[in-house]
There are 2 protein chains.
Amino acid sequence: MDAFAARGYNNASLAEIADRVGLTQAGVLHYFRSKSLLLTSVLELRDETDIEQLGTERPHGLEFLRHLVDTARRNAEREGIVRLYAVLSAESVTDDHPAQVYFRDRYAGLRAFVTDAVTEACGLDASDIRARTAANAVIAVMDGLQVQWLLEPGAVDMTASTGLVIDSILAGLRR
Amino acid sequence: MDAFAARGYNNASLAEIADRVGLTQAGVLHYFRSKSLLLTSVLELRDETDIEQLGTERPHGLEFLRHLVDTARRNAEREGIVRLYAVLSAESVTDDHPAQVYFRDRYAGLRAFVTDAVTEACGLDASDIRARTAANAVIAVMDGLQVQWLLEPGAVDMTASTGLVIDSILAGLRR
DNA sequence: GCACACCCACTGAACACTTAGTAAGTGGTC
DNA sequence: GACCACTTACTAAGTGTTCAGTGGGTGTGC
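Scope of this entry: the structure provided in the associated data block. Note that the structure is predicted; figures quoted are calculated from it, not measured. (Residues numbered from 1 in each chain as written. Chains lettered and ligands numbered in written order. Predicted model: local features only at pLDDT ≥ 70, side-chain atom pairs only at ≥ 80, totals over all residues. Heavy atoms only, no water.)

As for the nonpolar core
As a rule of thumb, nonpolar side chains are buried together in soluble globular proteins. Using the following cut-off: For our purposes a nonpolar core is just a set of buried Ala, Val, Leu, Ile, Met, Phe, Trp, Tyr and Cys residues, chained together by side-chain atoms within 4.5 Å. When accessible area is computed with a 1.4 Å probe and restricted to protein chains, residues below 20% of their type maximum are described as buried, those above 50% as exposed, and intermediate ones as partly exposed. Between two residues, a contact is recorded if the distance between any of their heavy atoms is within 4.5 Å.
Residues Phe-4 and Leu-65 of chain A together with Phe-4 and Leu-65 of chain B are the most contacted members of the largest nonpolar core, which totals 118 residues. Those residues in contact with Phe-4 of chain A that sit more than four places away from it in its chain are Tyr-9, Ala-12, Ile-17, Lys-35, Leu-38, Leu-39, Val-42, Leu-84, Val-87 and Leu-88 of chain A.

Below you can see the structure in the form of structure tokens.
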């Protein structure tokens, strides 16, 4: 995780990773057949532990959207994970990137989740595309803030900006 | 530009770039002393041509924010440039990336510009930090949408989502 | 005796960058 | 207009390094 976050997938080397876990390069490849399999395994593990932490109770509607602001707040304390996702999600749009499928699926799921929450929170019709437009914007703002924050932490308040966008959009859609 | 956009800085090779311009690898290094200098030159050239196109008249306040929505619309027709910035801005947060300074400066300038525009458009006090919070969010939403759009163009309407965020935030701040 | 968990030593490819050279042109001098 | 010194625009052939991945081991525990 740290290696991929600090250097991206392409520029991280198995030798460096092996070193940090006290193995040789060949030792790492004993467990993961290839570098790209290691990357997808790291991403899957990250998802699993996140889901475990979340528990079985998943908030809905407005509560879910408030939860996103909390996530932004918590993210400001977890630079490693933020960096991992910020770097890899953008790198994944390059040709033949091994995490491309992962991120496409991840965003599809996220969009569906947030769209539902917006629809519910604003009492919109399920066919109202404004919910999807809003959901995409909410996801985008969180991602975009991370890049700015990683480059210059003092210049960005992820919690405030995320909260402002969510509040403003909800207020607008409710009218 | 195409090479760095399609493969990122680290994974693009001078040999490939040389091939596409009909030179040898050494021929490219005759003009640009190093790969990282080539990257920064590409980014600077991009800025220069953008500034030339913009002309001398720069919109202010509300007009500038409307202009951002137009930019989002135009970007949907310029995948190459969108990819270049989306990939490189995120890659730049990795250790010792040659474009790190470029993007830090770029975001600092952008934040100042958009903050001024929001302040003016909403008639806020110059010291009101909500303008900066809003500006960061507007920039972030545009960046974040690009990554989603590059991964799955059909799933994202950059114009609509950008417009929604700007309109909602302005409406909220004006009250 | 067998399976697992590794390491050592290697391979071949790719990479950025260097060096030495060539061919074409440019400007000045006799 | 012939010669010369110098520059520019490259190329060919390297250099040393780094990389992911392989194959053949060896030790350890069951």
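Side note on the pattern of salt bridges
This is how it is decided: Here a salt bridge means any side-chain nitrogen of Lys or Arg lying within 4 Å of a carboxyl oxygen belonging to Asp or Glu. For helices the rule is a DSSP run of H or I covering at least 4 residues; for strands it is a run of E covering at least 2, with both sets numbered from the N terminus onward.
Under the definition given, this model contains 18 salt bridges over all chains. Salt-bridge contacts for Arg-20 of chain A lead to Glu-16 of chain A; the nearest nitrogen and oxygen are separated by 3.9 Å. One end of the pair, Arg-20 of chain A, and the other, Glu-16 of chain A, are both in helix H2 (residues 14-20), four residues apart, so they sit about a helical turn from each other. In this structure, Glu-79 of chain B engages Arg-83 of chain B in a salt bridge whose closest nitrogen and oxygen atoms are separated by 2.0 Å. With a gap of four residues between them, Glu-79 of chain B and Arg-83 of chain B both fall in helix H6 (residues 79-91), about one helical turn apart. For Arg-83 of chain B, a relative accessible area of 16% gives the class buried. Via salt bridges that share partners, Asp-2, Arg-7, Glu-16 and Arg-20 of chain A belong to a single interconnected network.

Details of the relation of the copies chain B and chain A
Operational definition: When the copies are superposed, the least-squares fit draws on C-alpha atoms of residues that have pLDDT of at least 70 in both.
Superposing chain B onto chain A takes a rotation of 180 degrees plus a shift of 0.0 Å along the axis, which leaves an RMSD of 0.1 Å. These values place the two chain copies in the arrangement generated by a two-fold rotation axis. By residue overlap, the copies meet face to face through one surface: 100% of the interface positions of chain B are interface positions in chain A.

So, the protein's contact with DNA strand D
Note the threshold: Distances are taken per atom, and a residue is near a molecule or strand as soon as one of its heavy atoms is within 4 Å of it. In protein, a polar contact means a hydrogen-donor-capable atom and an acceptor-capable atom, both N or O and within 3.5 Å, with residues adjacent in sequence counting only if both atoms are side-chain atoms; elsewhere, any N or O pair within 3.5 Å suffices. Each residue is assigned to one of three groups, with Ala, Val, Leu, Ile, Met, Phe, Trp, Tyr, Cys and Pro labelled nonpolar, Asp, Glu, Lys and Arg labelled charged, and all others, Gly among them, labelled polar.
By nearness alone, 14 residues border DNA strand D, and Leu-14, Gln-25 and Lys-35 of chain A together with Thr-24 and Tyr-31 of chain B come closest of all. The share of sugar and phosphate among atoms of DNA strand D within 4 Å of the protein is 61%. Leu-14 of chain A places a main-chain nitrogen or oxygen 3.0 Å from a phosphate oxygen of DNA strand D. Between DNA strand D and the protein, one listed contact pairs a phosphate oxygen with a backbone N or O atom of Lys-35 of chain A at 2.7 Å. The residue inventory of the surface near DNA strand D, partitioned by class, reads seven nonpolar, six polar and one charged.

Looking at the protein's contact with DNA strand C
Around DNA strand C sit 15 residues in total, of which Thr-24 and Tyr-31 of chain A together with Leu-14, Gln-25 and Lys-35 of chain B are the nearest. Within 4 Å of the protein, atoms of DNA strand C come from sugar and phosphate in 67% of cases. The separation between a phosphate oxygen of DNA strand C and a polar side-chain atom of Thr-24 of chain A is 2.9 Å. The separation between a phosphate oxygen of DNA strand C and a polar main-chain atom of Lys-35 of chain B is 2.8 Å. Here the surface near DNA strand C gets four residues from one element, more than from any other, and that element is helix H3 (residues 25-31) of chain A.

Observations concerning the interface of chain B and chain A
To keep things clear, this is the line we draw: Buried area counts how much accessible surface, traced with a 1.4 Å probe, disappears from two parts once they are put together, with both parts' losses summed.
Listed per partner, the contact involves 48 residues of chain B and 48 residues of chain A. For the pairing of chain B and chain A, the buried interface totals around 3,800 Å² over both sides, and the portion due to carbon and sulfur atoms is 62%. Interface area lost by chain B to chain A is led by Val-93, Gln-148 and Leu-151 of chain B, which between them contribute 18%. At the boundary of chain B with chain A, the tally comes to two salt bridges. Between Glu-152 of chain B and Arg-111 of chain A there is a salt bridge, with its nearest N and O atoms 3.1 Å apart. Between the two partners, chain B and chain A, sit 16 residue pairs in polar contact (both at pLDDT 80 or more). The set of elements that each furnish at least two residues to the side of chain B that touches chain A consists of helix H1 (2-11), H6, helix H7 (100-122), helix H8 (129-151) and helix H9 (158-174) of chain B. Grouping the amino acids of the side of chain B that touches chain A by side-chain chemistry returns 24 nonpolar, 13 polar and 11 charged.

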